[in-house]
Amino acid sequence: MKQKSMLVLALVVIASLVLAACQPQTIVKTVEVTKEVKVVETQVVEKTQVVEVERKAFTTPHPILSDLKVRQAMYHCTNKLDLVKAGYPLISDEDAAKLIMDTFIPKNHWAYAGEGAVQQYPFDPEKGKALLEEAGWKLPEGANVRQKDDGTVLALKFYTTTAAFRQAWAAVWEKQMAACGIQILRNHVPASWWFGDTTGLQVRDFEIGAFAWVGQADPGGQTLWACDQIPLPENNWQGQNYMGWCNPKADEAIKKANNTLIKEERIKWYKVVQEEYAKDVPAIPLFNRTETFSAVSTLQGFAPTPGEEYYTYNVYDWEIPGKDTIVIGFTQEPASLFTLVESAMVANLAAGLMGFRSYTSLNYDFQPETMKQLSTIENGLAQNNDVEVKEGDMVLDASGNPVKLEKGVKVINSEGQEVEFDGTPVKMKQLVVKYEFRDDLKWQDGSPVTQADFELGYKIACDRESGATTFITCDKTQAIEFNGLSYTVTWLPGVQDPLYFLAPYGFYPSNQPIESEGPYKGKTLKDVPAKDWATLPEVAEKPWSYGPYVIKEWVKGEKMVFEANPNYYRPVKTKNLVIAFLTPENAEAQLLTGAVDLLGSETLAGLTEQLVNAEKEGKVKNYVIAGATWEHIDFNLWVK
């Protein structure tokens, strides 16, 4: 019998995609199968080759925190009222309740979604325990900590700063979690590590973390909640979405909320983000902080004001009669004074003594500082033009993303309508804004601020190797033209930033000499590549000043010493200013014994009996103002 044979060659490619939180994890397996088939007998030979693509960092869901039920359970097990009272022991229950938050926007803010408008998680330990049971976390008889059937224990590492305020409420929260069978491994770490540009939060080196976002006049939020603002190794840790939370609906809404000049539209989109935030629980919003300050009773000119996040905004006006030095006490030390990459409050306060701000925000409004005036449409410094865009042009799409215009892209046309581009040129709005700066700006050596300094400011801010926290502003800039102490930004068509009138880019001393040892010694700041700025002493430790004070000395772990800048554009009333680094435990004692003259809101969580009594005795003056800064607990939804 004649035998017939057939050779069949098949190549099967199996691609497994895990799509979650907009961070794709892709493992590709290639299976090669060869079969020889005969009529009488069959012999099967299989050859298999498996190829795995290297797993990228933070593409593996956290084994515990990626479970929504666990996060919801922890929320229900959290008694926010007790946390407030732990941080503010003298506050009444009524006042404490007013501070509690249920979204990331304070309840008295115009952008707040409204009472009951988002999913609520009232303090209900029994409901929390039930959710944990549903998630497979059982409490064995006689045990205090829950575990899964495979023996995995429900234990999580929790990081926050060493501030006495956080030690107080964090200890209470640890007990609340324990009552639900969750073991919290509490770690109080130095602020310089927690808020450093290469450590802690910025590189997402935590499981659970607590800190406060500083309240601002505008809710902003794009760097906090957008999907493309998740810090990752491949984007050089750009962004402040430390949780790794990516919700497409919220992502679109936060970008739209920050790209319209119409307040009602902003309210609508902020509500969407708050709804999704509450539903997904990437964090637990806790409470607004009161802003408390205490100073020696003889300090004059000190005027902390609601809405202005930095109380040193008018430091040039401070004085203590008969003294030539004012000492501020910090319980946290900055990691760096390069505020493009360093976001800690203490770093911004210290850097603010030397300038670095173009405006203030007293009483939740804006005032020019180094700017001559705010650049508004009303005063003619800004125009919102109708321009025609065509295929291939860069625009901001309807979701707030910079994209190349092509068929199928949705944009907002000049009449405010969302349209899909079909290849026919379309008209869009385009902001062109001129930002003018004071003529009397000088560096500490007396040299004037120049156009080259502004050019360097833009160059570093938009260089991907600078380590900057975000490049959102750079990506929305179509063109920039410099002219002396002003520059004009032509924004991408479609950009309708509600804060368009605030200068987006600062300036650096291009001719500052490099005196530190290393490859750039003898050169000037403009010669140093952006990638090396963060480690350059002339940037991180002794930047040149155009503000009221010049840094003279930084003794790590002890103090920073500043001297009045004779070339500042206003008279400075006190010759010397010192920032002394204290421990949280002895801060108040240092004030009451006269070792320091002022403790700010970054150090004081609230009034204590000791401070109240000291004010009655005339030793100090206490200041308490309503604050928009808010405490929260973040969940890192991914692991390395």
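What counts and how
Residues numbered from 1 in each chain as written. Predicted model: local features only at pLDDT ≥ 70, side-chain atom pairs only at ≥ 80, totals over all residues. Heavy atoms only, no water. Pairing = 2+ DSSP bridges. Helix = DSSP H or I, 4+ residues; strand = E, 2+ residues; numbered from the N terminus. Axes fitted to C-alpha atoms, helices over the stretch in contact; angles between N-to-C directions. Contact = heavy atoms within 4.5 Å. Disulfide = S-S within 2.5 Å. Buried < 20%, exposed > 50% of the residue type's maximum accessible area, 1.4 Å probe, protein only. Salt bridge = Lys/Arg side-chain N within 4 Å of Asp/Glu carboxyl O. Core = buried A, V, L, I, M, F, W, Y, C linked by side-chain atoms within 4.5 Å. Parallel < 35°, antiparallel > 145°, perpendicular 65-115°, else oblique. Left-handed = near helix turned anticlockwise from the far one by under 90°. Nonpolar A, V, L, I, M, F, W, Y, C, P; charged D, E, K, R; others polar.

Peer 1: Hey, could you run me through the sheet that holds strand β18 (residues 426–436) in this one?
Peer 2: One key point about sheets: their strands pair by backbone hydrogen bonds, in either a parallel or an antiparallel sense. Reading across the sheet, the four strands line up as β13-β18-β20-β19 and stay open at both edges, with antiparallel pairing between neighbours. Of all the strands in the sheet, just β13 (382–389) and β19 (477–483) have a single pairing partner and so form its edges. Mean inter-strand twist for the sheet, computed between neighbouring axes without regard to direction, equals 20°. Set on the sheet, helix α11 (residues 451–461) makes contact with β19 and β20 (486–491); between it and β19 the angle comes to about 160°.

Peer 1: Please explain the state of the cysteines as it appears in this structure.
Peer 2: Two cysteines whose sulfur atoms are joined by a covalent bond form what is called a disulfide. Going through the model one piece at a time under the given rule, you end up with three disulfides. One disulfide in the model links cysteine 77 with cysteine 180; its S-S distance is 2.1 Å. Its S-S torsion of approximately -105° makes the covalent link between cysteine 77 and cysteine 180 left-handed. Placement of the pair is cysteine 77 in the loop between α1 (68–76) and α2 (80–87) and cysteine 180 in the loop between α5 (164–179) and β6 (183–189), with a sequence separation of 103 residues. For cysteine 180, a relative accessible area of 2% puts it in the buried group. The disulfide bridge from cysteine 462 ends at cysteine 474, spanning 2.1 Å between sulfur atoms. For the disulfide bridge between cysteine 462 and cysteine 474, the dihedral angle about the S-S bond is near -85°, and by the sign convention the bridge is left-handed. Of this pair, cysteine 462 sits in the loop between α11 and α12 (472–476) while cysteine 474 sits in helix α12; the two residues are 12 residues apart in sequence, bridging distant segments of the chain.

Peer 1: I would appreciate a short explanation of the pattern of salt bridges in the present structure.
Peer 2: One side chain can pair with another of opposite charge once the charged atoms of both are near each other. Per the stated rule, a full pass over the model turns up 33 salt bridges. Taking the shortest distance from any N to any O, the salt bridge between glutamate 418 and lysine 256 comes out at 3.6 Å. Taken as a pair, glutamate 418 in strand β17 (residues 418–420) and lysine 256 in helix α8 (residues 248–257) lie far apart in primary sequence, 162 residues in all. For glutamate 418, a relative accessible area of 44% puts it in the partly exposed group. A relative accessible area of 11% means that lysine 256 is categorised as buried. Note that lysine 372 and aspartate 439 form a salt bridge whose closest N and O atoms lie 3.4 Å from each other. Pair noted here: lysine 372 is in the loop between β12 (367–368) and β13 and aspartate 439 is in the loop between β18 and α11, with a separation of 67 residues, a long-range link.

Peer 1: Help me understand the pairing of strand β7 (residues 208–213) in this model?
Peer 2: As a general feature of sheets, a regular strand has side chains that alternate between the two faces. Of all the six residues making up β7, six are buried; the element is thus mostly covered by neighbouring parts of the structure. Where β7 and strand β26 (residues 630–635) come together, six bridges link them in antiparallel fashion. Bridging from a neighbouring strand, phenylalanine 211 pairs with histidine 632 of β26.

Peer 1: Could you clarify how one ought to interpret the nonpolar core in this entry?
Peer 2: Across soluble globular proteins, nonpolar side chains have a tendency to be buried as a group. In terms of nonpolar packing, the biggest core is built from 127 residues, with Met74, Trp169, Trp173, Ile208 and Trp225 touching the most fellow members. In terms of residue count, helix α10 (residues 345–352) provides more of this core than any other element does, six residues in total. Those residues in contact with tryptophan 169, other than ones at most four positions away along the chain, are Leu83, Ala86, Gly87, Phe158, Ala210, Leu286, Phe287, Glu631 and Ile633. Judged by nonpolar contacts, the second largest core, of 38 residues, contains Ala217, Val449, Tyr500 and Tyr546.

Peer 1: I'm lost on the packing of α2 against α5 in this one. Help?
Peer 2: Axis separation between α2 and α5 bottoms out at 8 Å; the angle between their running directions is 150°. Taken together, α2 and α5 sit at an angle that is classed as roughly antiparallel. Every pair of crossing elements has a handedness; the one defined by α2 and α5 is right-handed. Residues Asp82, Leu83, Ala86 and Gly87 of α2 lie in contact with α5, whose contacting residues are Phe165, Ala168, Trp169, Val172, Trp173 and Gln176. Class assignment of the residues belonging to the contact of α2 with α5 gives a composition of seven nonpolar, two polar and one charged.

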